[in-house]
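Chain by chain, the residues run as shown.
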Amino acid sequence: MTLPISFEFFPPKTPEGATKLRAVRQQLAAAQPEFCSVTYGAGGSTQAGTFAVVGEMLAEGMEAACHFSCIGATRDGVRAQLAELRDMGVTRLVALRGDLPSGGYGAGGQFQYASDLIEFIRAETGDHFRIHVACYPEMHPQAKSPQADLQALAAKVRAGADGAITQMFFNADAYFHFVDEVRALGLQVPIVPGIMPITNSAGLLRFADNCGAEVPRWMRLRLQSLGDDAAAIKDFGAEVMTRLCERLMAGGVPALHFYTLNQAAPALVLCQRLNLTS
Ligand code: FAD
């Protein structure tokens, strides 16, 4: 099957992590992703690491998307970074606000929302970049209401976003309902589900709570009951996520974006089960 897929990585903190990520990329290349993306730490804290991984991927002949967040950033700083990315040959961005700092950093930044960043990127670089943005089928945790969050997505599209990737979710109905609402606003951009393979129950539950994604009660209970049995969690996770992806694919999703957490096997297993590898 030829549904486009993409893989997301984070920039490793150590040389060992960088070596491991190269191997992970090689393994995942077998699934022929449309592109791979690299996250950007809060406030640009990983900028050098993010750009380095993006550069390596481009040198390997991979289509690379650079995540880019604007909280705390200045216009001059962003202008310089966009020039650097252009010079590197980057043509795709995932443009984000980024998470608000807990310790006051971010003050003095010249961008408030991701839509401000997208407007600036378009004004500075025209159509050079294909711009993906984040969206939230279960609402961004800081949004005033689901409607306000939809308007935030509409503002990003009006500012020039080409497509959106969702926060992880485990409820297909939440995604389909969200897409209906997006279309009802007259927005036609692709809404690509962000898929989080399940490999670790404590980490997953913590991350889901932080980002406002609902883990259904039956899944939470089942994961808790599996305790530290890593193999059982992996099997259960693969089964649940395969079923979710099958439902999404049957409903006509335009692509799937996998949050790999820099591991090849969980995403590859899903792609194989879904017949997405060639
Ligand atoms: P925005 O679209 O600016 O929205 C932020 C909040 O402001 C929302 O509640 C929205 O409803 C509200 N809002 C927007 N515009 C307005 C307005 N005009 N008036 C009032 N309210 C408004 N984080 C990272 O730090 N690095 C990454 O690499 C990264 N990658 C991600 C990739 C994906 C696919 C996703 C889904 C998330 C990613 N994140 C990343 C997390 C993201 O930075 C956070 O969710 C962040 O809190 C919001 O970013 P945003 O771009 O969605 O912000």
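Here we summarise the structure given alongside this text. All values derive from a computational prediction rather than experimental measurement. (Residues numbered from 1 in each chain as written. Predicted model: local features only at pLDDT ≥ 70, side-chain atom pairs only at ≥ 80, totals over all residues. Heavy atoms only, no water.)

Moving on to the side chain of Thr166. Along the chain, Thr166 falls in strand 7 (residues 163–166). Judged by its relative accessible area of 1%, Thr166 is buried. A distance of 2.8 Å separates a polar atom in the side chain of Thr166 from the backbone nitrogen of Gly194. Here Thr166 is in contact with Cys135, Pro137, Tyr175, Ile191, Val192, Pro193, Gly194 and Tyr259, once residues within four sequence places are set aside. (Helix = DSSP H or I, 4+ residues; strand = E, 2+ residues; numbered from the N terminus. Buried < 20%, exposed > 50% of the residue type's maximum accessible area, 1.4 Å probe, protein only. Polar contact = N/O pair within 3.5 Å; in protein donor to acceptor, adjacent residues only side chain to side chain. Contact = heavy atoms within 4.5 Å.)

Bringing the site of the ligand into the picture now. If you check the shell around the ligand, you find 21 residues, and the closest are Tyr40, Asp99, Tyr136, Asp149 and Lys156. Between the ligand and Lys156, the relevant distance is 2.7 Å, taken from an oxygen atom to a side-chain nitrogen or oxygen of the residue. For the ligand, the protein covers 84% of the area, taking 980 Å² as the surface of the free molecule. No other element matches helix 5 (residues 146–159), which puts 3 residues into the shell around the ligand. Along the lines of polarity and charge, the residues of the shell around the ligand split into 10 nonpolar, 7 polar and 4 charged. (Near = heavy atom within 4 Å. Areas by Shrake-Rupley, 256 points an atom, 1.4 Å probe, with all protein chains shown as cover. Nonpolar A, V, L, I, M, F, W, Y, C, P; charged D, E, K, R; others polar.)

This part takes up the packing of helix 3 (residues 75–88) against helix 4 (residues 114–125). In contact at an axis separation of 11 Å, helix 3 and helix 4 are set at 60° when each is read in the N-to-C sense. Judged by the inter-axis angle, helix 3 sits oblique to helix 4. The two elements helix 3 and helix 4 cross, and the hand of that crossing is right-handed. Facing helix 3, whose interface residues are Arg75, Val78, Arg79, Leu82 and Arg86, helix 4 presents Leu117, Phe120, Ile121, Glu124 and Thr125. Residues belonging to the contact of helix 3 with helix 4 are distributed by class as follows: 5 nonpolar, 1 polar and 4 charged. (Axes fitted to C-alpha atoms, helices over the stretch in contact; angles between N-to-C directions. Parallel < 35°, antiparallel > 145°, perpendicular 65-115°, else oblique. Left-handed = near helix turned anticlockwise from the far one by under 90°.)

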